[in-house]
Every structure is written in structure tokens, then in C-alpha cells.
Amino acid sequence: KASAAHNVMGQIQVERGQLDQAIQTFAQVLKRDRNDADAMKGLVSTLAQQGRTQEAQRLLDGLSAEQRTGLGDMGRLRAAIAAGQAKAAQQRGDMAGAQRAFEDAMRADPTNPWIRLDLARLYLKQGAVTEARGLVDGLLASDPTLPDAIYTSALLSAEMGEWAKAYATLQRIPEKHRTPEMAAMEQRLRIHAQADQAIQLAKTGRTDDARRTLLALENAAGDDPELLGAVASAYVDAGDPNRGLTLMRQQLGR
């Protein structure tokens, strides 16, 4: 569906900081379908992120009864404004303001796993690991099969360096429900998790097994700088610093 593709494009533009382009992309979708909830959510969130909160609120206030019915839960849209305000606060270094805004967003849209992840990242920066984990995994307690909730749980584990846990978590999403982003993340998590496993093999004296594992991971990493860096670091930790440094130099010379 063309509108779905444009909404994804708009989100990518937001992630790249191309907010003006994202606003135009979401607005184009709404010209074709004024009841497109994802486009409206993207538009009001991006406007709020630009500091145009009043404009975003006017959009919501100006919706007809028909549009409100078509868009469904208005809490999602109010949450989108609050999330946009939170990201704007982050950009100007106001972490306390960002936390308050993300908490407002979560109250308005409590089943949104992405808002929970954004707030959990702030908790992690404060060292509140238990709170961050409980926040993200709270949705799984009520629905352990929700793909986005499983995915955000895996992402949080990855950000905490818990590679094996992140990989195992992502495996719980059936292949038919995995997005291209999930599939790409699975590959990255597998390499990180196996690199950690190689380090443990070396520490128990199984150095040949560790080297074979890392050699296979070199090939799997391809030209990806992050993954090659993880393999190089694992070589060092597994007792083969020369190979690790060689791999790092090759990476820098690419």
C-alpha cells in the first residue's frame, strides 16, 4: 500500500533529522486519506518535535467527528505530541523535561512499546536498570506474543550488552511476523552473541573452538564496521590480540 510506504519513509526522515521533509511526507498521505492514523500520528509528533506544539494541537482540535472516529483512539495522537515534545527536550539537553514528556506520552498511550523503550533509555542513562527493564517488559506480561513488544525488549537487552538474551528474545517472534528491520537485527545479535560465546570458550581452555567460531563470524560480519569491531574485540578478549588488532587495522583501512 502506497500510504504505508510513505509513512515508513516519513519515519526514516524523522530518524535522520529531516523533519521538514517528514512533515511534507505525512501531509501528502493525509491529502489522500485524511483518516490515516499513522500519518496523523507522524505529523503531530514531528510538529511537536520541531517545537510547533500549538500547531500540532490545533490539528487535533480541528478534527471532525468523522475523522476522530476514523482515527480511533485519540490517546495515541496525544501521546504522539508528548513524545515529540520529549524528543525536542532531549535535543536541547533537558533530560528531566524529556522524562516528564515521555511519562505523559505513556499515560496517554500505555500499550505503545516504542514510547516505553524511549523512556526506558532515559532510565538506563540514570542507572535505573530494573525500572527500565520492568517498563519495557511490562507489556509482555499481558501479551507475550506481541511482536513489537518482543522486539523492543530485545533492543533494550542489546543496548545493555546482553547479546545472548537479546538474540533469544528476538527468536520468539515467528518468522512470518518479522519485519526487514527485525531480520537485520537478528543477524547482528547472532554475531554479537556468538562472539561472547567464543570468549567464554577461550576462558575454559577451548581456544581452538573459540578461534573457529570467530573466523566464521569474520566472514558473516562482511564489511559491517560495528560487527567487525565486535569480532576484533572478541579476539582480544579470547587471548588472540594479534588477530584482533590485525582485524581492526583492516577495518580502518577500508
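No experiment lies behind these values; they were computed from the predicted model shown. (Residues numbered from 1 in each chain as written. Predicted model: local features only at pLDDT ≥ 70, side-chain atom pairs only at ≥ 80, totals over all residues. Heavy atoms only, no water.)

Thoughts on the environment of A198
Tracing the backbone shows A198 in helix 12 (residues 180–203). As a C-alpha pair, A198 and V231 span 33 residues in sequence and 9.6 Å in three-dimensional space. Filtering out sequence-adjacent residues up to four positions away, A198 remains in contact with A210, T213, L214 and A238. (Helix = DSSP H or I, 4+ residues; strand = E, 2+ residues; numbered from the N terminus. Contact = heavy atoms within 4.5 Å.)

So, the packing of helix 3 (residues 37–49) against helix 4 (residues 53–61)
At their nearest, the axes of helix 3 and helix 4 sit 7 Å apart, and the two run at 155 degrees to each other. Between helix 3 and helix 4, the interaxial angle falls into the category roughly antiparallel. Of helix 4, the residues touching helix 3 (which contributes L43, V44, L47 and A48) are T53, E55, A56, L59 and L60. Partitioned by chemical class, the residues of the contact of helix 3 with helix 4 number seven nonpolar, one polar and one charged. (Axes fitted to C-alpha atoms, helices over the stretch in contact; angles between N-to-C directions. Parallel < 35°, antiparallel > 145°, perpendicular 65-115°, else oblique. Nonpolar A, V, L, I, M, F, W, Y, C, P; charged D, E, K, R; others polar.)

Thoughts on a nonpolar patch on the surface
There is a patch of nonpolar side chains on the surface, built from V236, L245 and M248 and spanning about 210 Å² of accessible area. Inspection of the secondary structure puts V236 in helix 14 (residues 225–237). (Patch = residues over 30% accessible without salt bridge, like charges linked within 9 Å, V, L, I, M, F, W, Y side chains within 5 Å. Areas by Shrake-Rupley, 256 points an atom, 1.4 Å probe, with all protein chains shown as cover. Salt bridge = Lys/Arg side-chain N within 4 Å of Asp/Glu carboxyl O.)

What about helix 6 (residues 74–91)?
Over its 18 residues, helix 6 extends 26 Å from the first C-alpha to the last, a length consistent with the 26 Å expected when each residue adds 1.5 Å. Along helix 6, the residues that are buried comprise M74, G75, L77, A79, A80, I81, A82, A83, G84, A86, A88 and A89. For helix 6, the secondary structure elements touched by its buried residues are helix 3, helix 4, helix 5 (65–71), helix 7 (95–108) and helix 8 (113–125). Looking one or two residues past helix 6, G93 carries a phi angle of roughly 85 degrees, positive in sign. (Expected span 1.5 Å × (residues − 1). Buried < 20%, exposed > 50% of the residue type's maximum accessible area, 1.4 Å probe, protein only.)

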